[in-house]
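Chains, contacts and geometry: an overview
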Amino acid sequence: MKRDSDEKELNRRDFLVRSARAGGFIAAAGLLGYRLHDDTGARGLSSDEERQAVLADYSVPGTSRKMSIVTGQDRVTSVRLGLEAMGGIESFIKRGDKVLIKVNAAFATAPALSATTDPRLLSEVVRLCLKAGASEVAVTDNPINDPQSCFALTGIGEAARSSGAKVIYPKQTFFRPVTLPGGNLIRKWPVLVTPFEGVGKVIGMAPVKDHHRSGASMTMKNWYGLFGGRRNIFHQNIHEFIMELAMLVKPTLVILDGITAMMTNGPTGGSLADLKQTNTLVVGTDQVAVDAFGATLLGKSVHDLPYIMKAEAAGAGTADFESLGPARVTAG
C-alpha cells in the first residue's frame, strides 16, 4: 500500500511540475511578446520572468529509455514495427491528445533527394496518432527556403493534409523570445512557439544526413528549424548550440529515418549520388541515443560528432544507446 501511495504521489508531483512548466512557458511567452534577438541582455525583465521562458516537457513518464531499431526498406512498415516494439503508439499518444510533429522541411526539394522528412513516413505517423485517439495532429517547421514552396515540393504539405493533419506555416507573430535556463546561446531568441500552444505531445521526425558544419543532421539538430531571426550565427558554435537544442526540447518521441542516408554534401545534397541505402529506421524517446546510433549509419562514431557527447554531459540523454537495450526488428 505504501508503494502505491508513493507512486501516486510521484505521479501527482510529476503532473504538477509539468503543468507549471507548460503554464510558465505560455505566460512568459505572452508577457515577453515577439521581438528580434537582443545581444544586450534581458533589459527590464526580472530573473524569474527569464527562467520561465522555456518549452514544456512533452515526454511520457516511465518511457525515457525506449528505443527500437528496424532494418528494412519500407518506411511505413518499419515505423509501424518500430513503434510496436516499444509497446505501440498508444503507449505515447492517448485519446484526446493534441500532437505536434516537427518535420524537416528545410529545403524546396523533391522527396527522392532525402533532404527532408519523407512524406510517406509522415502520413503513416499521422494516421497512427489519429488511430490512437489524438484529437488533433499538426505539422510545422520554419524552413530555410520559402515555407509554401518547401511544404509543397517536399510533398510534406499534401501528406499532412491528406492523412488528417493540419499544416502550420511560420508567421512572424508565431515567434516569441525563449531563453534556455543556464544556456549560453539560447537567450531571448525568437522561437516558433505558437504551434506548441495547447499541445500535449511532440514528435520529431528527421532524415539521416551529412552536414558540412556539424558532421551530421539528425533528430537533435532538427529542432534548429524552430528558430527564427539570424539563426545562422549559431553555426559558429554549432556543437554547443545543438546540445542546447536537446536541452530545450524534450519530445515525446523522435523518429530517425535512415532508410536512405545522405552521406555527402549535406545538409542540402541535390544528387542521388549523395545517397546510400542504409535500410534502417530508429524510433526512440532518448534523442541523444537515437542520434548516437544514427552516427553509425554515416560511418561515424559519437566522437566524430562532439554535440552528442556534449548533450550527454549536459544530461539530455545517453550516447551509449546499447545501454537502453534497444529492440531490434527486421521488416520483411
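Residues numbered from 1 in each chain as written. Predicted model: local features only at pLDDT ≥ 70, side-chain atom pairs only at ≥ 80, totals over all residues. Heavy atoms only, no water.

As recorded in an unreviewed UniProt entry, the protein chain goes by the name DUF362 domain-containing protein, listed as coming from Syntrophobacter fumaroxidans.

Describing empty space enclosed by the protein
Take a probe with the size of a water molecule and roll it over the atoms, and the empty space left behind shows itself. The criterion, for reference: Cavity and pocket criteria rest on a 1 Å grid covering protein atoms alone: a 1.4 Å probe that fits but cannot get out defines a cavity, protein on both sides within 12 Å along at least 5 of 7 lines defines an open pocket, and an atom within 4 Å of a point defines a lining residue. Grid points are joined across faces, edges and corners, and a volume is the space filled by probe spheres set on the points. Classification convention: Asp, Glu, Lys, Arg as charged; Ala, Val, Leu, Ile, Met, Phe, Trp, Tyr, Cys, Pro as nonpolar; all other residues, Gly among them, as polar.
Under the counting rule described, the total for this entry stands at 1 cavity of 30 Å³ or more. Approximately 40 Å³ is the volume found for the largest cavity. Along its surface, the largest cavity is lined by Arg75, Pro111, Ser114, Thr116, Asp118, Pro207, Asp257 and Thr260. Taken together, the residues that form the lining of the largest cavity break down as 2 nonpolar, 3 polar and 3 charged.

Here we look at the environment of Leu275
Note the cut-off: Secondary structure counts use DSSP, requiring at least four H or I residues in a row for a helix and at least two E residues in a row for a strand, with both numbered from the N terminus. By definition, residues are in contact when any of their heavy atoms lie within 4.5 Å.
Within the secondary structure, Leu275 sits in strand E9 (residues 275–284). Expressed as a C-alpha distance, the spacing of Leu275 and Leu113, which sit 162 residues apart in the sequence, is 7.7 Å. Other than its neighbours up to four places away in sequence, Leu275 contacts Ala112, Leu113, Ser114, Thr260, Ala261 and Met262.

Remarks on the packing of helix H3 (residues 75–84) against helix H4 (residues 119–131)
Applied cut-off: Under this scheme, a helix contributes an axis fitted over its contacting stretch, all axes are lines through C-alpha atoms, and angles between N-to-C directions fall in the 0 to 180 degree range. Throughout, the term roughly parallel applies to angles under 35 degrees, roughly antiparallel to angles over 145, roughly perpendicular to angles from 65 to 115, and oblique to all others. Handedness of each helix crossing follows the sense of rotation of the near helix against the far helix: counterclockwise by less than a right angle gives left-handed, clockwise gives right-handed.
One way to put it is that H3 packs onto H4 with a least axis distance of 8 Å and a crossing angle of 40°. Considered as vectors, H3 and H4 are oriented oblique to each other. In the crossing of H3 with H4, the sense of the turn from one axis to the other is right-handed. The residues of H4 that touch H3, namely those facing Arg75, Val76, Val79, Arg80 and Leu83, are Arg120, Leu121, Glu124, Val125, Arg127 and Leu128. Considered class by class, the residues forming the contact of H3 with H4 number 6 nonpolar, no polar and 5 charged.

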